Structures are given as structure tokens and as C-alpha cells.
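# Summary of structural features
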Amino acid sequence: MLEVKNLNFGYSKSNIIEDISFSVHKGDCVAILGNNGVGKSTLVKCINRIYNVKEGEILLNNQNINNLSRNDIAKQIAYVAQFGEHNSSTVFDTVMLGRMPYIKFAPSENDYKIVEDVLKQLGIEHLAMRNINEMSGGQVQKVMLARALAQQPKILILDEPTNSLDMKSQHMLLKLVQDIVKEQNICAIQVLHDINLAIRYCNKFIFLKNKKIFTETDREGITGDIIKSVFDIDVVIEEVAGQKTVVFLGQNEEIK
């Protein structure tokens, strides 16, 4: 579905990411992990052609993304930015923006139905006439996700979707994304900082370090050594309530 080949991107003579190659398929929930400034957000913006790649290729269903129109990309890739919008638009109007790639003159009955269905799917239909600037951070994130889903994408990209959310809202949002990926047989690529959230809700993991992919693995392949190498912090990995969990060690604790 999506293939990234030998991707390099930067400004002037300095690269932010180098020689990035990986593929994503239907049903994948991919977590992009790494320290601040390593290029995680840059990578997903390149995939969505917010940034134009000059070296390497991004193939969407075997088509080079540089050869696709913005509308064609929007019909296949939906992007949820790191920070949700706060404006005076209503929730319904905001979600309807996700239908723009399909609207020629005015929204059709089908467009209205898709927006209504997405609002119900996310449990925010009661907020349809509320203004975005009157809502909490968690509610705004759901609205942004709803707008992305209204695009009916094959690939859902979320840049730090749990940013500024409380613990319950973080789990609810990522579980919702996980369920949508399974139900609609699409894929999601998410920039995340909390590795335990990533392990719980993703099935594929790309660790970035020093501008490059340090390793790409599944859930079972995540080890304390990988985390130590990428994040420079000592951890142990334990089974807690049937869930693989990364436990961070204090400075005075030793790995046993």
C-alpha cells in the first residue's frame, strides 16, 4: 500500500532524515518512535507531501506520490496534525472539510450522511453544532480525527495524537484508531512518545535515531537493549496483566 524508498529530506545542505526505507500494509498500526528532534514529524509530513521530497521515493499503491494531485493524495491519505485547531467553526462544518476532495460545487446528500455517520462513530454527534473553540483538547482531537475519517482514507497519519490528553483520553483515542484500522481494513501511522501506549495499540514499530531508522520490528521484537540504544535510558520489560510493559529504572536501580 505504502512504500518509502531511500528517503532523504532536509533544509539547505543539512538532512533531517536520511536513507529511510519501510513499507506499510492494510491492517498495520505503525508507531514512529524516537527522541525529540530526530525527524518523526518531518517523516510523516513527507509521506503526506506537506514537504516535497527531492531524494528517494514515496510510492502509494505503486504510484510515486510526486505524480499525484493534492486531491488524489487527500482521497487516500488523511493527516491529523500535532496540535488541534481552535476556531469558531462548528464541529459539523469542520468535519465536512474532510469531504472537500470529493465536493465539486456543494456537499451532496452522501457527503452529509458520511459526516453524520463519522460523528456517530466517534460518539460526538451531540457536539455537532458546538464551536471548536468551546471544546476541550480531547474533544478537539476527536473532531480532527473525525475530519480525517470523513476523507475515507486508506492511510491515516497522526502526529502525536495523544499530545495534551489525559490518561483516559489517550487510551480511548488510540483504541478508537486501532478499531477503525481493523474494521475498515486501512492502516495508521502514528508519531508517539509513550512507548507503552505504542506497544498496547500498535503492531509495527519504527525507531529513529541519528536521522535514520535504527530498527524496525513487531511487538515481540522490542527489547530493553533497543530502548536503551535509542533513548539512552535503562529499562526492563515485564508482563503486567497480560500486557508487555516497559518499566523505566531509576538512576540507582540495576537491571537484574
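This report concerns the structure included in the present document.

## Re helix 8 (residues 224-231)
Of all the positions in helix 8, only Ile-226, Ile-227, Val-230 and Phe-231 are classed as buried. What you see down the axis of helix 8 is that its buried residues fit within an arc of 100°, all on one side. Its buried side turned inward, helix 8 meets strand 3 (29-33), helix 7 (195-201), strand 9 (204-209), strand 10 (212-218), strand 11 (235-240) and strand 12 (243-248). Phi turns positive one or two residues past the end of helix 8, at Asp-232, with a value near 55°.

## Comments concerning the sheet that holds strand 8 (residues 187-191)
Strand order across the open sheet formed by 6 strands is 6-7-8-3-9-10, with mixed pairing between neighbours. Whereas interior strands pair on both sides, the edge strands pair on one side only; in this sheet they are strand 6 (77-80) and strand 10. The sheet shows a mean angle of 15° between the axes of neighbouring strands, taken without regard to direction. Here 6 bridges tie strand 9 to strand 10, and the two strands are oriented antiparallel to one another. Pairing of Phe-205 across the sheet is with Thr-217, part of strand 10. With respect to the sheet, helix 6 (residues 167-184) is in contact with strand 3, strand 7 (155-159) and strand 8, its orientation differing from that of strand 8 by roughly 155°. Helix 8 rests against strand 3, strand 9 and strand 10 of the sheet, and its axis sits at about 35° to strand 9.

## Quick word on the pairing of strand 11
In this structure, strand 11 lies alongside strand 12, joined through 6 bridges in antiparallel fashion. Across the sheet, the residue bridging to Glu-239 is Lys-244, located in strand 12. Counting the residues between successive antiparallel strands, the hairpin from strand 11 to strand 12 contains 2 residues, one of them, Ala-241, with a positive phi of roughly 50°.

## Looking at the pairing of strand 1 (residues 2-11)
Of the pairings in the sheet, the one linking strand 1 to strand 2 (residues 14-24) comprises 7 bridges and is antiparallel in character. The partner of Tyr-11 across the bridge, within strand 2, is Ser-14. Hairpin connection, strand 1 to strand 2: the antiparallel pair is bridged by 2 residues, and Ser-12 has positive phi, about 55°. Pairing between strand 1 and strand 4 (residues 55-60): 5 bridges, direction antiparallel.

## Concerning the packing of aromatic side chains
Applying the stated criterion to the full structure yields 4 aromatic pairs. An angle of 80° between the planes, with centres 6.3 Å apart, marks the rings of Tyr-11 and Tyr-51 as edge-to-face. With Tyr-11 in strand 1 and Tyr-51 in the loop between helix 1 (40-47) and strand 4, the pair connects residues that are 40 residues apart, well separated along the chain. By relative accessible area, Tyr-51 is classed as partly exposed at 22%. Ring centres of Phe-92 and Tyr-112 lie 6.0 Å apart, and the angle between their planes is 20°; on these two criteria the pair is classed as stacked. A residue pair is termed long-range when its members are at least 10 positions apart, and Phe-92 in helix 3 (residues 91-96) and Tyr-112 in helix 4 (residues 109-121) qualify at 20 residues. Judged by its relative accessible area of 37%, Tyr-112 falls in the partly exposed class.

## Describing the packing of helix 5 (residues 137-150) against helix 6
Where helix 5 meets helix 6, the closest approach of the two axes is 11 Å, and the angle between their N-to-C directions is 15°. Taken as axis vectors, helix 5 and helix 6 run roughly parallel relative to one another. Our pair here, helix 5 against helix 6, has a crossing hand that is right-handed. Of helix 6, the residues touching helix 5 (which contributes Lys-142, Leu-145 and Leu-149) are Met-172, Leu-173, Leu-176, Val-177 and Ile-180. When grouped by side-chain class, the residues that make up the contact of helix 5 with helix 6 number 7 nonpolar, no polar and 1 charged.

## Observations regarding the side chain of Asp-28
Tracing the chain through its elements places Asp-28 in the loop between strand 2 and strand 3. Although Asp-28 is buried, it forms no salt bridge, and the closest oppositely charged side chain is Lys-204 at an N-O distance of 4.2 Å. Among the polar contacts made by the side chain of Asp-28, one reaches the side chain of Asn-203 at a distance of 3.3 Å. Here Asp-28 is in contact with Val-181, Ile-186, Cys-187, Ala-188, Asn-203 and Lys-204, once residues within four sequence places are set aside.

## Digging into helix 4
The end-to-end C-alpha separation of helix 4 is 18 Å, in line with the 18 Å expected for 13 residues at 1.5 Å each. The complete set of buried residues in helix 4 reads Asp-111, Ile-114, Val-115, Val-118 and Leu-119. Along the axis of helix 4, the buried positions cluster into a sector of 130°, meaning they face one direction only. Away from its buried face by more than 90 degrees, helix 4 exposes Glu-109 and Lys-120. The elements touched by buried residues of helix 4 are helix 3 and helix 5. The positive-phi residue at the C-terminal boundary of helix 4 is Gly-123, with phi of around 70°.

Rules used throughout
- Residues numbered from 1 in each chain as written.
- Predicted model: local features only at pLDDT ≥ 70, side-chain atom pairs only at ≥ 80, totals over all residues.
- Heavy atoms only, no water.
- Buried < 20%, exposed > 50% of the residue type's maximum accessible area, 1.4 Å probe, protein only.
- Helix = DSSP H or I, 4+ residues; strand = E, 2+ residues; numbered from the N terminus.
- Arc of directions from axis to C-beta.
- Contact = heavy atoms within 4.5 Å.
- Pairing = 2+ DSSP bridges.
- Axes fitted to C-alpha atoms, helices over the stretch in contact; angles between N-to-C directions.
- Phe/Tyr/Trp six-rings, centres within 6.5 Å; stacked < 30°, edge-to-face > 60°.
- Parallel < 35°, antiparallel > 145°, perpendicular 65-115°, else oblique.
- Left-handed = near helix turned anticlockwise from the far one by under 90°.
- Nonpolar A, V, L, I, M, F, W, Y, C, P; charged D, E, K, R; others polar.
- Lys, Arg positive; Asp, Glu negative; His and termini not counted.
- Salt bridge = Lys/Arg side-chain N within 4 Å of Asp/Glu carboxyl O.
- Polar contact = N/O pair within 3.5 Å; in protein donor to acceptor, adjacent residues only side chain to side chain.
- Expected span 1.5 Å × (residues − 1).

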